[in-house]
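# Geometric and topological summary
One-letter residues, chain by chain:
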Amino acid sequence: MAVTEPAPTPTPTRAPVPPLAARARRVGGSPVRDILAVTARPEVINFAGGLPAPELFDRDGIAAAFRDVLDQAPAQALQYSTTEGEPALRSGLAARISAFGLPTDPDDLLVTTGSQQALSLLATALLEPGDTVLVESPCYLAALQVFGLAGARVVAVPGDEDGVDPEALDTLVERERPKLLYLVPTFQNPTGRTMPAPRRQEVAAVAARQGLWIVEDDPYGELRYDGERVPWIASRPGAEDRVVLLGSFSKIMAPGLRLGWLRAPAELRRACAVAKQAVDLHTPTLNQLAAARYLDVLDAHVARVRAVYGARRDAMLAGLPAALPEGSTWSRPEGGMFLWARLPESYDTTALLPQVVRQDVAYVPGAPFYAGDPDPSTLRLCFVTQTPEEIAEGLRRLGKGLSG
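In this report, the structure presented in the accompanying data block is examined. In this text the structure is predicted, and so the values were computed from the model without any measurement.

Our next topic: the overall build of the protein chain. The helix and strand tally for the protein chain stands at 13 helices and 15 strands. For 404 residues, the compact-globule formula gives about 22 Å, and the C-alpha radius of gyration of the protein chain, at 24 Å, lands near that figure. Taken along the three principal axes of its C-alpha coordinates, the protein chain extends 100 × 55 × 55 Å. Here the protein chain holds 404 residues, and 52% of them are scored as buried. With the model as given, the accessible surface of the protein chain reaches about 18,400 Å², and the carbon-plus-sulfur share is 55%. Looking at charge distribution, the protein chain has the averaged site of its 40 positive side-chain charges lying 3 Å from that of its 48 negative ones.

Okay, structure coming up:
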């Protein structure tokens, strides 16, 4: 009797999964994050990050704020909250912003999960694919990512040591008809420069005359070591209905709390709130309530941080002449976290980075910060994370690596 072989089991067909969205394929990751991953070894003195000094976090004060909230209002702290933000935090923020010269009501504010989320919400609310966004040159790197993911055309505005050139801005607005201008006018990332008050007024006048949104990002403004505070563009006459002001607790309280805010005209603020509902419903309630408690002692903490960071900035400025090649130039920021250097034209800081990292020190090459043609001889150094002694040793290693 013949034995019938069982029919072979057919191999199931497997079609490929659909591709990623074009915007996800088009926009790369953060070179800063990539460098931090490569230089995570404890022996590396890392000038590449934009990290606050962890030893300066007020662990006891922040822990006490969380304990108070959980002891006194646990049901509220552990519950869902409103998208706009906890009233206690918005009230405290409004009073703080008003004290700095910009009258603000709690209802003018939207609390966000870090100011980076605020920027993303604005891109969602304002930008259609193909819209034009104007930026500084060089520009905050994560802003370029946000605008790239939104499908915007990003155009750099020429400028100088004081920031964007108002005449060049006026010309570009006429030609490009952009939706918005993105600025970090105080202790800019990456250059550390600050736009003077007269220049701010000129920029505000262009926005008023041409019909342009200005996004004024201010994560570093309270970290001033020299000079006098420069008023926000948002406080300039004529800017009231077209400037969105962004702020953050990351650099003055703790980045792990992921707390930021935006102050915007009502219609745009409501649009951002709707966008936020689609993203995360609301910023964590417990973190907001603890931050609201901590506002009572924040000024004293910021004063301690400023004293330490100012000394670290001075240490880096003192060591740069010996560390960088002859003919180099660098910024002398009055505050913030970053210093920008330009080496002689023959140097390419991207190509040099591997040999510098072999000396157990790191920086961020300047090229990724440019929306247009990059300057390959530039680099960014963060001066707040290390002690003056570590900065001196890091600069010694940097000089050895660059001369390699």
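Attention now goes to the nonpolar core. Formed by 122 residues in total, the largest nonpolar core has its most connected members in Phe-147, Tyr-182 and Phe-249. With 14 residues, the top contributor of residues to this core is helix α11 (residues 285-323). If near-sequence neighbours (up to four positions away) are discounted, Phe-249 is found in contact with Leu-89, Leu-93, Ala-254, Leu-259, Ala-291, Leu-295 and Leu-298.

Looking at the element boundaries, Thr-378 is found in strand β15 (residues 378-382). There is a polar contact of 2.8 Å between the side chain of Thr-378 and the backbone oxygen of Asp-375. What Thr-378 contacts, discounting residues up to four positions off in sequence, is Trp-340, Ala-341, Arg-342, Thr-349, Pro-365, Gly-366, Ala-367 and Tyr-370.

Turning our attention to the sheet that holds strand β10 (residues 260-263). Strand order in the open sheet made by the 7 strands is β2-β10-β9-β8-β7-β3-β4, with mixed pairing throughout. The open sheet has two free edges, formed respectively by β2 (109-112) and β4 (153-156), since each of these has just one partner strand. Put simply, the sheet's adjacent strands are angled 20 degrees from each other on average, direction ignored. Where strand β3 (residues 132-135) meets strand β7 (residues 180-183), 3 bridges bridge the pair, whose relative direction is parallel. If you follow Val-133 over to β7, its bridge partner there is Leu-180.

The next subject is the packing of aromatic side chains. Under the counting rule described, the total for this entry stands at 6 aromatic pairs. Measuring from ring centre to ring centre gives 5.8 Å for Tyr-220 and Phe-338, while their planes differ by 90 degrees; the resulting arrangement is edge-to-face. In this pair, Tyr-220 sits in the loop between β8 (213-217) and β9 (243-248) while Phe-338 sits in strand β12 (residues 338-342), placing the two residues 118 residues apart along the sequence. Residue class for Tyr-220 comes out buried when judged on its relative accessible area of 4%. For Phe-338, a relative accessible area of 2% translates into the label buried. Here a set of aromatic residues connected by ring pairs shows up, and it is made of Trp-340, Phe-369 and Tyr-370. The ring of Phe-100 has Arg-229 lying over it, and the distance from NZ or CZ to the ring centre is 4.1 Å.

This brings us to the pattern of salt bridges. Close approach of charged atoms lets side chains of opposite charge pair. Within this structure, the stated rule accounts for 21 salt bridges. As a salt-bridge pair, Glu-176 and Arg-175 come within 3.0 Å of each other at their nearest N and O atoms. Salt-bridge contacts for Glu-216 lead to Arg-200; the nearest nitrogen and oxygen are separated by 3.9 Å. On the criterion of sequence distance, the pair formed by Glu-216 in strand β8 and Arg-200 in helix α9 (residues 197-210) is long-range, its members being 16 residues apart. For the pair Glu-216 and Arg-200, a shared accessibility class is recorded, and that class is buried. Taken together, the salt bridges that share partners define one network made up of Arg-41, Glu-43 and Asp-360.

Once that is clear, we can look at the packing of helix α5 (residues 87-99) against α11. Running from amino to carboxyl end, α5 crosses α11 at an angle of 30 degrees, the nearest separation of the two axes being 8 Å. Here α5 lies roughly parallel to α11, going by the angle between them. Seen along the crossing, α5 lies across α11 with a hand that is left-handed. Facing Ala-88, Leu-89, Gly-92, Leu-93 and Arg-96 of α5, the residues of α11 in contact are Gln-288, Ala-291, Ala-292, Leu-295, Leu-298 and Asp-299.

Glancing now at the sheet that holds β12. Pairing between the strands of a sheet is mediated by backbone hydrogen bonds and can be parallel or antiparallel. Strand order in this open sheet of 4 strands is β11-β12-β15-β14, and the pairing throughout is antiparallel. The open sheet has two free edges, formed respectively by β11 (329-330) and β14 (364-365), since each of these has just one partner strand. By the bridge criterion, 2 bridges tie β14 to β15 in an arrangement that is antiparallel. Residue pairing across strands places Val-364 opposite Arg-380, the latter belonging to β15.

All right, on to the pairing of β9 then. In terms of residue burial, β9 counts as a mostly covered element, since 6 of its 6 residues are buried. By the alternation rule, side chains of β9 split into Val-243, Leu-245 and Gly-247 and Val-244, Leu-246 and Ser-248, which are all buried. Across 4 bridges, β8 lies against β9 in parallel orientation. Along β9, the bridge assignment pairs Asp-217 with Leu-246. In this sheet, β10 lies alongside β9 in antiparallel orientation, the contact comprising 4 bridges. Pairing of Leu-245 across the sheet is with Arg-263, part of β10.

About the criteria used
Residues numbered from 1 in each chain as written. Predicted model: local features only at pLDDT ≥ 70, side-chain atom pairs only at ≥ 80, totals over all residues. Heavy atoms only, no water. Helix = DSSP H or I, 4+ residues; strand = E, 2+ residues; numbered from the N terminus. Rg over C-alpha atoms; globule rule 2.2 N^0.38 Å. Buried < 20%, exposed > 50% of the residue type's maximum accessible area, 1.4 Å probe, protein only. Areas by Shrake-Rupley, 256 points an atom, 1.4 Å probe, with all protein chains shown as cover. Lys, Arg positive; Asp, Glu negative; His and termini not counted. Charge placed at Lys NZ, Arg CZ, Asp CG, Glu CD. Core = buried A, V, L, I, M, F, W, Y, C linked by side-chain atoms within 4.5 Å. Contact = heavy atoms within 4.5 Å. Polar contact = N/O pair within 3.5 Å; in protein donor to acceptor, adjacent residues only side chain to side chain. Pairing = 2+ DSSP bridges. Axes fitted to C-alpha atoms, helices over the stretch in contact; angles between N-to-C directions. Phe/Tyr/Trp six-rings, centres within 6.5 Å; stacked < 30°, edge-to-face > 60°. Lys NZ or Arg CZ within 6 Å of the ring centre and 35° of its normal. Salt bridge = Lys/Arg side-chain N within 4 Å of Asp/Glu carboxyl O. Parallel < 35°, antiparallel > 145°, perpendicular 65-115°, else oblique. Left-handed = near helix turned anticlockwise from the far one by under 90°.

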